[in-house]
Amino acid sequence: MTALTTTLGRAGGVNLLPLAVALIAFVLIGAPSSWVTLTVAGLAMGMMLFLMASGLSLVFGLMDVLNFGHSAFVSFGAFVSASVLAGLGGWLAADSWALNALALAASYLAAILFGLIAGWFFETVIIRPVYRDHLRQILITIGAMIVAEQTILAFWGGTPYSVGRPAFLEGSWIIGDVSIEIYRAFAFALGVAVFVMLYLVLNRTRIGLLIRAGVEDREMVEALGFRVDRLFIGVFMLGSALAALGGAMWAGYETLITPHMGADLMIVVFIVVIIGGLGSIEGTLLGALLVGLMSNYVGFLAPKLALASNMILMVAILLWRPNGLRPAVK
Amino acid sequence: MQNTGTLIVKTSVILIFALLLFAPFLFQDVRSLEVAARICIFIVLVASFDLLIGYTGIVSFAHTMFFGFGAYGAAILLKTMGPGWTPVILGALAGVGVSLVFAIAIGLLSLRVKAIFFAMITLAAASVVLVLASQLSQITGGEDGIIYKAPDLFKPATKLLTDADGKVVRLWGVRLNGKLAAYYFVFFCALALFLVMLRFVGSPFGTVLKAIRENEARAEAIGYRVVAYRTAVFCLSATIASLAGTVYAVWLKYTGPDTALSFAIMIDILLMVVIGGMGTMWGAVIGAVLMILAQYYLRDLMGAASEAMTGIPLLPELLAPDRWLFWLGIIFILLVYFFPKGIAGTAMAWGEKA
């Protein structure tokens, strides 16, 4: 038994969980072609969830601040990018591949920019006065979420808003009897790119070193003379921008968005953060992939249990590891 | 001990209860009675939530879940067994039972960890229950909910007192019929539950809860088992919320996700508790009354104001009735910043300084 545990640990330990889930699902589903489709969908969903959840997790790890209003960035990102795409309708409808891509890039950039600015505003105005007071943090960020949702309602109205998608991301590749939606593959690739970038920044740069040290022991880093509070604003803005990007990608994925989308996704994002363990982006990635795969497999096998399955997954993992799979915060 | 602020708060709460007691005679229209009954239910619901957030310092987002268990328990049994008292009592018991199982499970699983984890886990649990309730439509009626009949005593056609001609007796112009009985059922249930909670927070148990809120490590060091106390108060609050749900289900004769489970109700409860004042049972009463009156009447007022302002740029848009939650959110944020004790808490503290 111990030998088995060490072998598993050497092979990757908890990192193997998504693989295990995929294997079990393969046996249960039986048909390889639908399994591939579901897996790609799950991975794409997982990467988008990762974008939304990573900021939340880092912010909590660094400053012990949990932002219940994080979903506002997701919704705003989705609506801002959808509006930009609608505004650039000419480029989107154009026959040129380059113009299409440019419109998409512009919409993502707009979402990221908005996320950065909104994150700065949110941190300085809303959260700064209630550091270290969890109860008031929860209350205030909930209040901010209400106001943000109502603001979206005021600007874009309550009816579902349709989102344009560039032509080159429409349709799917067909390999044998397997069909893969191009947008899903694209979302996955973009998510992986962002993860690699985040990973390199956190592990290979001086700023990243400080962030990781701050998550581990903030007082010590402050005692060494670094301004963790300034670092924190940066991390908060980055997290909001990532959430906005995640929202923008989710908008393209769903193609119809409502002001409540952020609040609906928030539940899943919380589950991801709890499963992964607070404060580490590797843990968040793991949680996001697990949740993404799980909801797609269960959605196929037993549609009514889709959301409940995430909950059961969370309970099971919390019973096994009360702090999540790979926590950075003790 | 009793300062002016506390006296004012307590007097106004007693006044509110007196008004509610005579509500059917004072405000003789259907809508007012509806508002009064809703206020009674929400006083209980908000006060039981205050046990958690105000007295013990734990934030739960699953309070509507327990409210919904009680409501659905009564609703499902009233639908299948037909109107009568047995299904109401059985439904109440079933609701309380399910609530207790969930409360103990969630409590033991997550009350050991940080407050924030608990908040997230309850939020996840509540949303799963909400989705299940709308998906298991054979049992719960799905999005449409369940319509059923209340016990015979509460039918509008029931005559409580008849005069010589066999007609319903009128007292100060109010027919003594089943509707009145239903209202008083709601009122006295709410009053009884509220008094139980008031007694509870004054007991030694309540004092321990406050000690845990103020300094958890110290309470633990003195020898109180913090997790056990937290789980106990979570169960108590869940039980009361579930009973309130049953009463509301009997009053409304309809139960659906919107009236018993939705996240909007949770937000309402949160707003009421914070506006009224956390950590005082009195605050729950004040918060519930103000919020529900605002919900029912302020929107009309805003609509009228918005129409009166037509022609002036921007103002009508800002005052439109749809914007009311927006303003409420802003007021809520300002309240948490500047008056974290809410109306009741601030009034009580204000008297102390003077």
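Residues numbered from 1 in each chain as written. Chains lettered and ligands numbered in written order. Predicted model: local features only at pLDDT ≥ 70, side-chain atom pairs only at ≥ 80, totals over all residues.

Notes on the overall build of chain A
Here is step 1: Of regular secondary structure, chain A possesses 14 helices and four strands.
Here is step 2: Taking 20 Å as the expected radius of gyration for a compact globule of 330 residues, we find that chain A reaches 20 Å, a close match to that expectation.
Here is step 3: Expressed as lengths along the three principal axes of its C-alpha atoms, the size of chain A is roughly 60 × 60 × 35 Å.
Here is step 4: Counted over contacts in chain A with a minimum sequence separation of 6, partners at least 24 positions apart contribute 78%. (Helix = DSSP H or I, 4+ residues; strand = E, 2+ residues; numbered from the N terminus. Rg over C-alpha atoms; globule rule 2.2 N^0.38 Å. Contact = placed C-beta atoms within 7 Å.)

Considerations on the environment of L78 of chain B
Residues and elements named next belong to chain B.
Here is step 1: The residue L78 is located in helix α4 (residues 63-81) in this model.
Here is step 2: The class for L78 is buried, based on 26 C-beta atoms found within 10 Å.
Here is step 3: Dropping the residues within four chain positions of it, L78 is found in contact with P83, P87, V88, G91, Y148 and K149. (Buried ≥ 20, exposed ≤ 12 C-beta atoms within 10 Å, placed from the backbone.)

A few points about helix α4 (residues 70-87) of chain A
Here is step 1: For α4 of chain A, with 18 residues, the first-to-last C-alpha span of 26 Å sits near the 26 Å given by 1.5 Å per residue.
Here is step 2: Burial runs high along α4 of chain A: 15 of the 18 residues are buried. (Expected span 1.5 Å × (residues − 1).)

Some remarks on the pairing of strand β3 (residues 178-181) of chain A
Residues and elements named next belong to chain A.
Here is step 1: As paired elements, strand β2 (residues 172-175) and β3 share four bridges and run antiparallel to each other. Bridging across to β3, I175 finds its partner in V178.
Here is step 2: Hairpin remark: β2 followed by β3, antiparallel, with two residues in the connecting loop; positive phi at G176, about 60°. (Pairing = 2+ DSSP bridges.)

What about the packing of helix α3 (residues 32-63) of chain A against helix α11 (residues 228-254) of chain A?
All names here are of chain A.
Here is step 1: The interhelical angle for the contact between α3 and α11, taken along N-to-C directions, is 165°, at an axis separation of 7 Å. When the axes of α3 and α11 are compared, the pair comes out roughly antiparallel. Relative to α11, the crossing made by α3 is left-handed.
Here is step 2: Classifying every residue of the contact of α3 with α11 gives 18 nonpolar, five polar and no charged. (Axes fitted to C-alpha atoms, helices over the stretch in contact; angles between N-to-C directions. Parallel < 35°, antiparallel > 145°, perpendicular 65-115°, else oblique. Left-handed = near helix turned anticlockwise from the far one by under 90°. Nonpolar A, V, L, I, M, F, W, Y, C, P; charged D, E, K, R; others polar.)

Some details on the interface of chain B and chain A
Here is step 1: Each partner contributes to the interface: chain B provides 30 residues, whereas chain A provides 28 residues.
Here is step 2: Contributing elements (two or more residues each) for the side of chain B that touches chain A: α6 (115-135), α13 (263-276) and α16 (324-338) of chain B.
Here is step 3: For the side of chain B that touches chain A, the per-class residue count stands at 25 nonpolar, four polar and one charged.

A word on the packing of α3 of chain A against helix α13 (residues 281-301) of chain A
Helix packing geometry: the angle between the two helix axes and the distance between the axes.
Residues and elements named next belong to chain A.
Here is step 1: Where α3 meets α13, the axes come as close as 6 Å, and the angle between the chain directions of the two elements is 140°. Helix-helix and strand crossings are classified by hand; for α3 and α13 the assignment is right-handed.
Here is step 2: Grouping the constituent residues of the contact of α3 with α13 by class yields 16 nonpolar, 10 polar and no charged.

Quick notes on the confidence of the model for chain A
Here is step 1: Averaged over all residues, the pLDDT of chain A is 84; the fraction at 70 or higher stands at 98%.
Here is step 2: Element-level pLDDT for chain A is lowest in helix α1 (residues 2-11) of chain A, with a mean of 71, against a maximum mean of 89 in helix α8 (residues 182-204) of chain A. (pLDDT = per-residue confidence, 0-100.)

Some points on the nonpolar core
Here is step 1: Ranked by internal contacts, the top residues of the largest apolar core, which has 229 residues, are I43 and V186 of chain B.
Here is step 2: In terms of residue count, α3 of chain A provides more of this core than any other element does, 19 residues in total.
Here is step 3: Once you skip the residues sitting within four places of it in the chain, V186 of chain B turns out to touch A37, C40, I41, V247 and W251 of chain B. (Core = buried A, V, L, I, M, F, W, Y, C linked by C-beta atoms within 7 Å.)

As for the UniProt feature "transmembrane region" (unreviewed entry) in chain B
All names here are of chain B.
Here is step 1: According to UniProt, the positions carrying the feature "transmembrane region" (unreviewed entry) are residues 6-27, 39-58, 88-109, 115-133, 180-201, 227-251, 263-293 and 324-340.
Here is step 2: End C-alpha atoms of residues 227-251 are separated by 36 Å, and the span's content is 100% helix alongside 0% strand.
Here is step 3: Here residues 263-293 is 87% helix and 0% strand, with 20 Å between the C-alpha atoms at its ends. (UniProt positions renumbered as here; feature names shortened; annotations may be inferred.)

Some details on unusual backbone geometry
Here is step 1: A positive phi angle, near 65°, is found at T255 of chain A, a position not held by glycine.
Here is step 2: Among the structural elements, T255 of chain A can be located in the loop between α11 and β4 (256-257).
Here is step 3: Note on T255 of chain A: 14 C-beta atoms within 10 Å, which makes it partly exposed.
Here is step 4: With a phi close to 60°, K253 of chain B is a non-glycine residue in the positive phi region.
Here is step 5: Checked against the element boundaries, K253 of chain B lands in the loop between α11 (226-252) and β4 (254-255).

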